[in-house]
Amino acid sequence: MKKLIIMSIMTLAGLAVSAQPQVIAHRGFHATDGSARNSIAALEKAQKLGVFGSECDVNLSKDGEVLVVHGDWHPKRGEEGAVHVQRETAETIRAIKLENGETMPTLDQYLATAKKDPATKLIIEIKKHATPARETEIVEAVVKKVAEYGLQEHVEYIAFRPFVCMEIKRLAPEGTKIAYLNGDYTPEYVKGMGLTGIDYKFSVLKKHPKWIKQAQKLGLTVNVWTVNEEEDLRWVIEQGVDYITTDNPVLAKKLIAEMCK
Ligand code: MG
């Protein structure tokens, strides 16, 4: 009898985590030899690992080049020689190498690499810029480049700024996936914006766990960032989120395989 009860509990627990979240490598798979955040190597290593998606950040340089870099400062604010990536030319910014010795990729280079293995989606985060005009400019440039590479089906977008989300919606093809990052709107509001998902910070979903099912009922996807610790990964897997954005894609994959049979 005891065995039967235990088996029943295990079955129920199994059902509770039947939905299998997909893994997104935050800034690519960077926490490994020869890699660096937002590098070409990080994208290639994410592709090789076989994750659902590889996330990257894009900023517009002063002279209009779309660069794959987190910003606002590169390498980091306060570091010797650090530059503000939206106020300098691409040449000046790219003269500063990434931690793995790579030259900072342009979005063109990133898309060319993404195209080699489109099974791993590219999740592009378009950063905040100084003015709405600059934000429109970068959204136009990114959407155009993604189309040039024929990657519309393989790219999803995320942004903190509602205006940036709405510009992506206006300019990208119908059906493009766009998720809102800032964590301050209810799923209902995000649905009302016409976006396709919420992509909220772990602490926001911990505070509002009901938003997960509410969003899914509305047909929105639920992504969560940046979940790295085992305990936290287990919690989001149990909650049945659709995507997990992590600096630790190897552990996330392992736990999902264990918990979602
Ligand atoms: Mg990002």
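Described below are features of the structure shown in this document. (Residues numbered from 1 in each chain as written. Predicted model: local features only at pLDDT ≥ 70, side-chain atom pairs only at ≥ 80, totals over all residues. Heavy atoms only, no water.)

Describing the pattern of salt bridges
For the structure on display, the rule yields 11 salt bridges. For Lys144, the salt bridge identified is with Glu148, shortest N-O distance 4.0 Å. Highlighted residues: Lys144 and Glu148, both in helix α5 (residues 132-148), separated by four residues, approximately one helical turn. Glu148 shares its class with Lys144; the two are exposed. Close ionic contact of Glu167 with Arg170 constitutes a salt bridge, the shortest N to O distance being 2.8 Å. Here Glu167 pairs with Arg170, and both are found in helix α6 (residues 162-171), just three residues apart, close to one helical turn. Judged by its relative accessible area of 8%, Glu167 falls in the buried class. For Arg170, a relative accessible area of 52% gives the class exposed. (Salt bridge = Lys/Arg side-chain N within 4 Å of Asp/Glu carboxyl O. Helix = DSSP H or I, 4+ residues; strand = E, 2+ residues; numbered from the N terminus. Buried < 20%, exposed > 50% of the residue type's maximum accessible area, 1.4 Å probe, protein only.)

Brief notes about the layout of surface pockets
Taken as a whole, the largest pocket encloses approximately 430 Å³ of empty space. Lining of the largest pocket is provided by 17 residues; of these, Arg37, His74, Pro75, Lys76 and Glu99 occupy positions nearest its centre. By residue class, the composition of the lining of the largest pocket is seven nonpolar, four polar and six charged. As for the second largest pocket, its lining consists of 17 residues, and the residues nearest its centre are His26, Glu55, Glu125, Leu181 and Trp225. Elements that contribute at least two residues to the lining of the second largest pocket include exactly β2 (53-60), β6 (121-126) and β10 (221-225). Classifying every residue of the lining of the second largest pocket by side-chain character gives six nonpolar, five polar and six charged. Each of domain 1 (22-152) and domain 2 (177-261) contributes no fewer than three residues to the lining of the second largest pocket. (1 Å grid on protein atoms, 1.4 Å probe; cavity = no way out; pocket = protein on both sides within 12 Å on 5 of 7 lines; lining within 4 Å. Points joined across faces, edges and corners; volume = space filled by probe spheres on them. Nonpolar A, V, L, I, M, F, W, Y, C, P; charged D, E, K, R; others polar. Domains from an automatic or database assignment.)

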